Amino acid sequence: MKYLPLNPQIFIKNRKRFTDKLERNTIAVFLANDEMPENGDALYKYKPNSNLFWLSGIQQEDSMVILYPDNPDPKYREVLVLVRPNELKEKWDGKRLRANEATAISGIKTIVWQDALPALLTSWIHAAQTICLDTNENDRKSSWIETRQYRYIKELKEKFPLHQYQRAAPVLKELRAIKTPEEVEVIQKAINITEKTFRRLLQFIKPGVWEFEIEAEILHSFLSNRATREGYGSIIASGDRARTLHYVSNNQQCLDGELILMDFGAEYGGYNADLTRTIPVNGRFTKRQKEIYNACLRLHRYAASILKPGITIVNYHEKLGDAATKECLKLGLLTRGDVKNEDPENRAYRKYLYHGISHHLGIDVHDLGPFRSPLKAGMVLTIEPGLYIEEEQTGVRIENNFLLTRSGNIDLMKTMPIEADDIETLMNS
């Protein structure tokens with residue numbers, strides 16, 4: 001790993017939070033993600049299972065976490081399963097974790113090698129009443145590829161058909177949404193790296209630069225500051241390409257007079273930042289560009305004023321729709337007639353703002369968390385309004401990351417340049 005060692009209390013606390021929710025005599029089993037084949041003998045870059053990582057901090061393939069608080073043998077109430085190190089394999093693929101290293105990362109004292117697990121696990125399951133298993137129940141899930149999790153569920157149900165089975169997902173969705181102070185500290189490190197990178201770009205971007213050159217600067221800055229990787233594929237969208245929300249081609253030249261929308265974030269220690277800024281390629285907003293930018297910034301600040309514990313994402317978006325309508329009227333994008341005759345199910349402002357304003361953020365960029373139940377203190381969310389104007393071939397989005405507290409929220413990106421004048425000053429300094 002590139003990042004400095006994390007505080008193992010993150011994972012010790014997370015396991016305690018989870019096991020406190022388990023019913024009596026329940027064993028919970030979590031598995032690492034598959035290694036995904038690419039072409040030939042190549043594999044895609046490995047990404048750990050988010051739930052297993054949240055419980056252990058382990059990013060190594062073929063790992064397992066087994067939690068059985070009522071195990072008759074106290075030694076096996078928390079178990080981390082790893083592949084036994086093989087010196088020959090390590091000559092090809094690199095070093096694997098030793099037991100003491102895995103304990104230092106996770107705080108789990110009992111390490112079991114994978115080849116020794118079957119006999120132990122069978123006896124533990126025989127003693128348990130209920131088996132709690134992990135599934136991907138992120139509401140944004142769109143792939144139906146059968147993963148290791150689902151293959152393992154089938155295997156256990158065939159082998160132990162008379163046990164009771166439970167889903168871990170509802171509990172994890174509730175728990176992962178509330179970040180501990182230790183988790184927020186790691187998110188802040190990812191944000192700090194992202195800020196350094198943005199400030200670097202303000203000095204780098206000039207007319208004639210290519211989108212992929214900016215992407216390269218981002219990756220260089222991330223890795224130079226110990227980021228694990230990009231949290232997601234960087235969106236570097238100049239001109240009219242900014243209206244494509246997930247534009248990742250990044251293969252066009254940035255021209256004098258255009259705006260460039262950049263949506264990127266570092267991953268550090270398994271936790272992510274998510275920033276969007278829209279800046280003028282030549283360092284100066286035109287009058288109209290600044291009008292659009294400031295309208296988007298007003299939406300951003302209004303969203304920040306109401307995103308507090310107690311509101312639901314659904315109600316929050318309804319309020320933002322009213323504010324977006326007012327800004328579209330001011331900009332001359334909508335008429336009073338457009339608003340009066342709008343379809344309540346597809347409001348007029350949606351022509352210019354066609355995405356949600358906030359999502360949960362953490363180990364996953366689109367992290368687990370509620371949308372219909374009230375938000376709570378400890379949650380970390382983005383605020384990212386945008387205005388996308390086809391007639392003017394332009395798009396503006398502004399995004400910061402916020403921690404909800406009992407007294408409101410804290411902008412974790414508060415030191416990031418956001419005012420149009422500040423952006424211009426830094427680009428021309």
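Here, every reference points to the structure presented above.
Keep in mind it's a predicted model, so treat the numbers as computed, not measured.

Thresholds, definitions, all that
- Residues numbered from 1 in each chain as written.
- Predicted model: local features only at pLDDT ≥ 70, side-chain atom pairs only at ≥ 80, totals over all residues.
- Heavy atoms only, no water.
- Helix = DSSP H or I, 4+ residues; strand = E, 2+ residues; numbered from the N terminus.
- Buried < 20%, exposed > 50% of the residue type's maximum accessible area, 1.4 Å probe, protein only.
- Polar contact = N/O pair within 3.5 Å; in protein donor to acceptor, adjacent residues only side chain to side chain.
- Pairing = 2+ DSSP bridges.
- Axes fitted to C-alpha atoms, helices over the stretch in contact; angles between N-to-C directions.
- Contact = heavy atoms within 4.5 Å.

Student: Break down the side chain of R397 for me, citing the residues and quoting the values.
Tutor: By secondary structure assignment, the location of R397 is in strand β15 (residues 394–397). Assessed through its relative accessible area of 3%, R397 is described here as buried. A polar contact is formed between the side chain of R397 and the side chain of Y388, at a distance of 2.8 Å.

Student: Tell me about the sheet that holds strand β8 (residues 235–238), and name the residues and values.
Tutor: A sheet is described by the order of its strands in space; here three strands give the open sequence β8-β9-β12, paired in antiparallel fashion. Here the strands that pair on one side only, and so sit at the sheet edges, are β8 and β12 (275–280). Mean inter-strand twist for the sheet, computed between neighbouring axes without regard to direction, equals 10°. Helix-sheet contacts for helix α8 (residues 181–204) involve β9 (259–264) and β12, and the interaxial angle to β9 is about 160°.

Student: Give me the lowdown on the pairing of strand β5 (residues 130–133), citing residues and values where you can.
Tutor: Going residue by residue along β5, you find T130 and C132 tucked away on one face and I131 and L133 tucked away on the opposite face as well. Note: β5 against strand β6 (residues 164–167), four bridges, orientation parallel. Across the sheet, residue T130 finds its bridge partner in β6, namely Q164.

Student: I'd love a proper account of the sheet that holds strand β13 (residues 380–383), names of residues and values included.
Tutor: The pairing of strands in a sheet happens through backbone hydrogen bonds and is either parallel or antiparallel. What the three strands build is an open sheet, ordered β13-β16-β17; its pairing is antiparallel. Looking at strand neighbours, the two that pair on one side only are β13 and β17 (408–411), the edges of this open sheet. Going from strand to strand, the sheet's axes swing by 40° on average, the running direction of each strand aside. Strand direction decides the pairing type here: β13 and strand β16 (residues 400–405), joined by four bridges, are antiparallel. Paired with L381 across the bridge in β16 is F402.

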